[in-house]
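Working through the structure, step by step
As a plain string of letters, each chain reads:
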Amino acid sequence: MKVRILSGADVRQAITMAEAIQAVKGAYVQLSAGEAVVPLRTPVPVDKRNGVTLFMPAYLATSDTLGAKIVSVFPENPERGLPLIHAVVIIVDAVTGRPAAMMDGTYLTALRTGAASGAATDLLARPDARVAAIFGAGAQARTQLEAVCTVRSIETVWVYDTMREAAEAYVEEMRTRGRPIPADISVAASPAQAVCEADVICTATTSSTPVFDHADLKPGVHVNGIGSYTPEMQEVPSETVARARILVDSRSASLAEAGDLIIPLREGLLTESDIHGEIGELVAGQISGRQSHEEVTFFKSVGLAVQDIAVAELILQRAAERGLGAEVDL
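First, a word on what this report is: a plain description of the structure on this page. (Residues numbered from 1 in each chain as written. Predicted model: local features only at pLDDT ≥ 70, side-chain atom pairs only at ≥ 80, totals over all residues. Heavy atoms only, no water.)

**Focus: the packing of helix α2 (residues 17-32) against helix α4 (residues 139-151)**
The relative placement of two packed helices comes down to the angle between their axes together with the axis-to-axis distance. Threshold: For every element, the axis is a line fit to its C-alpha atoms; helices are fit only across the contacting stretch, and the angle between N-to-C directions ranges from 0 to 180 degrees. A run of H or I in DSSP becomes a helix once it reaches four residues, and a run of E becomes a strand once it reaches two; helices and strands are each numbered from the N terminus. These descriptions rest on fixed angle ranges, namely under 35 degrees for roughly parallel, over 145 for roughly antiparallel, 65 to 115 for roughly perpendicular, and the rest for oblique. Contacts are residue-level and defined by heavy atoms, with any inter-residue pair within 4.5 Å sufficient.
Two elements in contact, α2 and α4, have axes whose closest approach is 10 Å; the angle formed by their N-to-C orientations is 85°. With respect to each other, α2 and α4 are oriented roughly perpendicular. Counting all contacts with α2, which are made through Met17, Ala18 and Ile21, the residues of α4 involved are Thr143, Glu146, Ala147, Thr150 and Val151.

Shown next as structure tokens:
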């Protein structure tokens, strides 16, 4: 039995952000149509390390894609000079149940999370969006910017992180990436400076309190909230959420896991009916998106295994076509 093993470098070579965005859109459509089996992720806390390892299986019936991701989030890692997130993704042949591939999931996680924001930005941000603000300066923040710049002609970027050195390193790296990422990238001295002119905001932090003030937002901004993945975490102010057109990746998962929604619900500023719908419904044309130039839109993503396996399946296809990775006998 041969299994294709793909390194992080192989994953990077196999797929573009634009391709990942399309794959994620397709996965969201299947999810919202009831064509996906996605158990709630199973967390295994590692309390003495302040970390957690998550087990995330999924099956997409329409595309016949089956697999799982194991991902660890250890907040103390950056202090050790290690990534916040480590992950591996396994793809299983949905016809025979045979393991087909195992690939590095660390970059894939950042890629598919960026692709989720890229999909939402494509569907919800104003067409004339030119300024982006990124909160956080880790691996997730890098693909957030890449994805936003893939779907909008971003000219100016502001980056804010509580660790200024991390933000400065981010700016230095991203300035040299080239198209579609602009060279005009700066470290913001404050959250207010980051968001005051922003047309698109991406929050990619592990914060338990809002990372910017609602009063500092301009009308018509689109916000992608991707860092809050527990009921206690909150990146986006409750007032912003309450005043926005809200779309989610999964209604059930978001209501179970996303502090960005659970906290304003608990505060009485929001009801479940205020959630406009799932992004897959918007992709499929079943619900409406932005209603005006001035409307604030908010996409809340808790991250779903359907994103991982949809992108991983495409990576496997491209890797097989190009001879990437290594085939091993198990």
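Resuming the write-up.
**Things to note about the environment of Glu327**
To keep things clear, this is the line we draw: Distance and chemistry together define a polar contact, namely a pair of N or O atoms within 3.5 Å, with one atom able to donate a hydrogen and the other to accept it when in protein, and with adjacent residues in sequence counting only for side-chain atoms on both sides.
In this structure, Glu327 sits in strand β16 (residues 326-329). C-alpha of Glu327 to C-alpha of Gln22: the two residues are 305 residues apart in sequence and 27 Å apart in space. For Glu327, the side chain forms a polar contact with the side chain of Arg4, separated by 3.5 Å.

**Considering a nonpolar patch on the surface**
Stated formally: Exposure above 30% relative accessible area and no salt bridge define the residues that can form patches, which grow by joining like charges within 9 Å and nonpolar side chains of Val, Leu, Ile, Met, Phe, Trp and Tyr within 5 Å. Using a 1.4 Å probe, accessible areas were evaluated by the Shrake-Rupley method; residue-level cover was limited to the displayed protein chains. Criterion for a salt bridge: a side-chain nitrogen of Lys or Arg within 4 Å of a carboxyl oxygen of Asp or Glu. Only protein chains enter the accessibility calculation, which uses a 1.4 Å probe. A residue is then buried if its area is under 20% of the maximum for its type, exposed if over 50%, and partly exposed in between.
A surface patch of nonpolar side chains, about 210 Å² in accessible area, is lined by Val44, Phe55 and Ile70. Assignment of secondary structure puts Val44 in strand β3 (residues 42-46). With a relative accessible area of 38%, Val44 lands in the partly exposed category.

**Examining the pairing of strand β12 (residues 222-225)**
Just so we agree on the cut-off: At least two bridges found by DSSP between two strands are what make those strands a pair.
Burial along β12 is two-sided: the residues His222 and Asn224 and Val223 and Gly225 are all buried. Of the strand pairs in this sheet, strand β11 (residues 200-203) and β12 are connected by four bridges, and their pairing is parallel. For Cys202, the partnering residue across the bridge sits in β12 and is Asn224.

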